[in-house]
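# Remarks on the overall topology
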Amino acid sequence: MKVDPAVQKQQAQAAKAAAAAKVKANELGQIPVLMYHRIIEKPGSQDDRTPAKFRADLERLARDGYVPITAAEYVTGKIDIPAGRHPVVLTFDDSSPSQLTLDELGVPKADTAVAILREMAAKHPGFRAVATFYVTRDMFGKSTREEQAQTLMWLKDNGFDIGNHTRDHVNLRERSQKDVADQIGSIQQQVKSLAAISPVTLALPYGNQPKVKEWALRGKAGEGVYNHGGVFLAGYTPAPAPFTKTFDPLGIPRIRAMDKTGDCTQFCSTAWLDWLKSNPDMRYTSDGDGSTVAFPKFKAPFLRKGFAAGALPY
């Protein structure tokens, strides 16, 4: 007997919705974007993290069902992780040698951020070794173009994401449009010339937006044309899913990676991860299908129109 294609499609959709409901998928939920700087044994500031604490951070993420995605995947909505799991974006500012230094054989040195991330991914199947590195002209402490290209190409070839952090790490708040475009556009062009890629996202130095927010998203300075998919701040809440109406590409919040001390008792990574665990209905949970946006029906008013075709309410 010939099956009606429309009926067949309806049945397949119903099966997908049932599977999404089973794992309590909520792809309109919140996503933690964690902000790191240096990974060093003897922290020089509260933004630094020791290798031991970074390992503990990753162990906790794996234990709580998180899977790393890149900032570029997040802003473009390309979130393809297993059903029932939660995305987390790991970001590293300032392109420090403590994040990635290669030995003479092209292997990341022990206790650098990349080495630790790869170590954790090997230990926890399904935990992706990906992150976004926001670079400045320092380029992981490398001074020659050849060394800079080698480091950026290694990141590119191994699935890591390279973002823009301005050339000189300056406060853009009081800068002219020309200065903003020059700071952002020049590093964009430098990355492109070294690794043949254009950064998809920008992390604002100090989290400060320029006088006109749009200047950070797109512009032109000499040869340094840029058109970012998202601009990241420096704090201090989980970020909305890119499929929601509350998603603002001009100012995406990040969470400082710190323990519960001082202001961080409420506003840094340990506190927010605790909150998301205690409020699972607020957290992004995947349905396991990167082509759909699954969510409980009552959340439908929050879906951005551009993603309506892939909507999977249940």
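Everything below is about the structure printed above this text.
Calculation notes
- Residues numbered from 1 in each chain as written.
- Predicted model: local features only at pLDDT ≥ 70, side-chain atom pairs only at ≥ 80, totals over all residues.
- Heavy atoms only, no water.
- Salt bridge = Lys/Arg side-chain N within 4 Å of Asp/Glu carboxyl O.
- Helix = DSSP H or I, 4+ residues; strand = E, 2+ residues; numbered from the N terminus.
- Buried < 20%, exposed > 50% of the residue type's maximum accessible area, 1.4 Å probe, protein only.
- Disulfide = S-S within 2.5 Å.
- Expected span 1.5 Å × (residues − 1).
- Contact = heavy atoms within 4.5 Å.
- Axes fitted to C-alpha atoms, helices over the stretch in contact; angles between N-to-C directions.
- Parallel < 35°, antiparallel > 145°, perpendicular 65-115°, else oblique.
- Nonpolar A, V, L, I, M, F, W, Y, C, P; charged D, E, K, R; others polar.
- Phe/Tyr/Trp six-rings, centres within 6.5 Å; stacked < 30°, edge-to-face > 60°.
- Pairing = 2+ DSSP bridges.
- Right-handed = clockwise from strand over helix to strand, strands pointing away.
- Left-handed = near helix turned anticlockwise from the far one by under 90°.

Bringing the pattern of salt bridges into the picture now. The full count for this structure, using the stated rule, is 18 salt bridges. For R55, the salt bridge is made with E119, and the minimal N-O distance between the two is 2.8 Å. Here E119 lies in helix α4 (residues 113-123) and R55 lies in helix α2 (residues 51-63), a separation of 64 residues in the sequence. Assessed through its relative accessible area of 22%, R55 is described here as partly exposed. The structure contains a network of salt bridges with shared partners spanning R60, D64, K260, D274 and K277.

All right, on to the state of the cysteines then. In this structure the tally under the stated criterion is one disulfide. Between C264 and C268 runs a disulfide, and the two sulfur atoms are separated by 2.0 Å. Residues C264 and C268 share a disulfide whose torsion about the S-S bond is about -40 degrees; that sign makes it left-handed. For C264, a relative accessible area of 3% puts it in the buried group.

Now for the environment of A21. By the element assignment, A21 lies in helix α1 (residues 5-22). Considered as a pair, A21 and Y314 are 293 residues apart in the sequence and their alpha carbons are 6.3 Å apart.

The α-helix winds at 3.6 residues per turn, so residues separated by three or four positions along the chain end up facing the same way. The end-to-end C-alpha separation of α2 is 18 Å, in line with the 18 Å expected for 13 residues at 1.5 Å each. Considered for burial, the residues of α2 that qualify are P51, F54, D57, L58, E59, R60, L61 and A62. Of the surrounding secondary structure, the elements contacted by the buried residues of α2 are β1 (33-36), β2 (66-69), β3 (86-93), α4 and α9 (269-278).

So, on to the packing of helix α5 (residues 145-157) against helix α6 (residues 177-195). Two quantities define a packed helix pair, namely the angle between the helix axes and the distance between the axes. Remark: α5 packs on α6, axes separated minimally by 8 Å, with the N-to-C direction vectors making an angle of 80 degrees. Here α5 is positioned roughly perpendicular relative to α6, judged by the angle of their axes. Here α5 contributes R145, Q148, A149, L152, M153 and K156 to the contact with α6, which in turn contributes Q190, V191, S193, L194 and A195. In terms of residue class, the contact of α5 with α6 is built from six nonpolar, three polar and two charged.

Time to look at the packing of aromatic side chains. According to the stated counting rule, one finds 14 aromatic pairs in the structure shown. Seen from their ring centres, Y74 and F232 are 6.1 Å apart, and the 50 degrees between their planes marks the pair as tilted. Remark: F232 occurs in strand β9 (residues 230-232) and Y74 occurs in helix α3 (residues 71-76); sequence separation between them is 158 residues. By the burial criterion, Y74 is buried, and F232 matches it. Ring pairs connect the aromatic residues Y36, F54, F92, F133, F140, W154 and F160, which therefore count as one cluster.

On to the pairing of β2, then. Taking every second residue as pointing to the same face, both faces of β2 are buried, with Y66 and P68 on one and V67 and I69 on the other. Across four bridges, the pairing between β2 and β3 is parallel. Directly across from Y66, in β3, lies its bridge partner H86. For the crossover from β2 across α3 to β3, the handedness is right-handed.

A few words on the packing of α2 against α4. As a packed pair, α2 and α4 sit with axes 10 Å apart at the nearest point and diverge in direction by 35 degrees. Between α2 and α4 the crossing geometry is right-handed. Within the contact between the two elements, α2 uses P51, F54, R55, L58 and E59 and α4 uses A113, I116, L117, E119, M120 and K123. Taken together, the residues that form the contact of α2 with α4 break down as seven nonpolar, no polar and four charged.

Residue position: L233 is located in the loop between β9 and β10 (255-256). Look at L233 and you get buried, because its relative accessible area is 18%. In this structure the C-alpha to C-alpha distance between L233 and R85, which are 148 residues apart in sequence, comes to 25 Å. Excluding residues that lie within four positions of it along the chain, L233 makes contacts with L204, G207, Q209, G251, I252, P253 and R254.

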